[in-house]
Structures are given as structure tokens and as C-alpha cells.
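Topology and contacts: notes
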Amino acid sequence: MKLHHTRHRAAERHAFSASAAPHPAASQRVVLDPAGDPYARVAVEAYAEACANEQPWLAEALQRQYQLAGSTPSSAAALWRAFHEAQRQARQGESYDEAAWTHVALHLCGVLGAMNL
């Protein structure tokens, strides 16, 4: 099967390199490419957000280097966190409708995929 999409090839390379050695951390380094891989970009955005309180200099450096949005919820990871928090709060109410939330989640997934986030 011929692959036409670079992201799939990159995922294949990462999957192969991770499974090629018994302990990939000991023999190979995993390199993220936030400029070309949207999943790596989400990971770097989440990392910058997670370290912002204790290491603001690192968060700022990552935001500058990869032109991240900073503390605004523009990344897919931040949007999903906001969605799940809203869903968690809604579950506590009497009028919670699982089917409606699933419907919104499916559409949100489609929109984020179309935006390549």
C-alpha cells in the first residue's frame, strides 16, 4: 500500500524506531517536529502550558520558538480540555444528555481535523 501523506510516513518511522529496540530511550532519541507534525505541536503546547508556573522562562522560550498562542486556548489539546471540563460540570446537572455531548464531540473532532490542529 502506497502512503501519500507525510504525517503517516512520520508516524510509521516513529512507530518503527520505537519498536526496533527493546528500550528505545536507551538507544534512540525521539525527536518531535512541531513545525511539520500537528500532533507534536499539540504536545509542545501542552508541555509549555504545564511548565508555565514553575519554569516560565521555558514556557516563553517554547512559545517564541514555535509561535505558540501562549495561554489562549487555541490548540486542540486546550480545546479538548475545555470541552471535557464543561462536560464534567454538565454531568452534575439534571438535564445532562450524553447523546448531545457525543454529538458535539464528534463535530468538534471534525472541525479540529479540518483545521489541522
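Our subject is the structure listed above.
Residues numbered from 1 in each chain as written. Predicted model: local features only at pLDDT ≥ 70, side-chain atom pairs only at ≥ 80, totals over all residues. Heavy atoms only, no water.

Re the overall build of the chain
Broken down by element type, the chain carries six helices and zero strands. The secondary structure elements of the chain, listed N-terminal to C-terminal, are α-α-α-α-α-α. Within the chain, the proportion of its 117 residues that are buried is 21%. Within the chain, counting contacts between residues at least 6 apart in sequence, those at least 24 apart form 40% of the total. (Helix = DSSP H or I, 4+ residues; strand = E, 2+ residues; numbered from the N terminus. Buried < 20%, exposed > 50% of the residue type's maximum accessible area, 1.4 Å probe, protein only. Contact = heavy atoms within 4.5 Å.)

Looking at the nonpolar core
Counting seven residues, the largest nonpolar core is built from Val44, Ala48, Cys51, Leu58, Ala59, Leu62 and Leu68. At the level of elements, helix H3 (38-51) and helix H4 (56-65) are the ones that each hand at least two residues to this core. The residues contacting Leu62, other than those within four sequence positions of it, are Val44, Tyr47, Ala48, Gln67 and Leu68. (Core = buried A, V, L, I, M, F, W, Y, C linked by side-chain atoms within 4.5 Å.)

What to know about H3
Along its 14 residues, H3 runs 20 Å from first to last C-alpha, staying within 8% of the 20 Å computed at 1.5 Å per residue. Where H3 begins, the side chain of Asp37 points an oxygen toward the backbone nitrogen of Tyr39, at a separation of 3.0 Å. (Expected span 1.5 Å × (residues − 1). Polar contact = N/O pair within 3.5 Å; in protein donor to acceptor, adjacent residues only side chain to side chain.)

Some thoughts on the packing of H3 against H4
At their nearest, the axes of H3 and H4 sit 8 Å apart, and the two run at 155 degrees to each other. Here H4 runs roughly antiparallel to H3, going by the angle between their axes. Two packed elements cross with a definite hand, and for H3 against H4 that hand is left-handed. Residues Val44, Tyr47, Ala48 and Cys51 of H3 form the contact with H4, whose participating residues are Pro56, Leu58, Ala59 and Leu62. Its residues assigned to classes, the contact of H3 with H4 shows eight nonpolar, no polar and no charged. (Axes fitted to C-alpha atoms, helices over the stretch in contact; angles between N-to-C directions. Parallel < 35°, antiparallel > 145°, perpendicular 65-115°, else oblique. Left-handed = near helix turned anticlockwise from the far one by under 90°. Nonpolar A, V, L, I, M, F, W, Y, C, P; charged D, E, K, R; others polar.)

Some thoughts on the pattern of salt bridges
For the coordinates displayed, the defined rule picks out three salt bridges. Among the salt bridges present, the one from Glu85 reaches Arg88, with a minimum N-O distance of 2.7 Å. Of the two residues, Glu85 and Arg88 both sit in helix H5 (residues 76-91), three residues apart, roughly one turn of that helix. Take Arg88: its relative accessible area is 41%, and that puts it in the partly exposed class. The partner of Arg91 in a salt bridge is Glu98, with the nearest N and O atoms 3.5 Å apart. By relative accessible area, which is 38% here, Glu98 ends up partly exposed. (Salt bridge = Lys/Arg side-chain N within 4 Å of Asp/Glu carboxyl O.)

As for the side chain of Gln87
Inspection of the secondary structure puts Gln87 in helix H5. Once you skip the residues sitting within four places of it in the chain, Gln87 turns out to touch Tyr96, Glu98 and Trp101.

As for H4
One full turn of an α-helix is made of 3.6 residues, so residues set three or four places apart face in the same direction. For H4, the complete set of buried residues consists of Leu58, Ala59 and Leu62. Seen end-on, H4 carries its buried residues on one side only, within an arc spanning 100 degrees. In this structure, H4 carries Trp57 and Arg64 as exposed residues pointing more than 90 degrees from its buried face. Buried positions along H4 lie against H3. (Arc of directions from axis to C-beta.)

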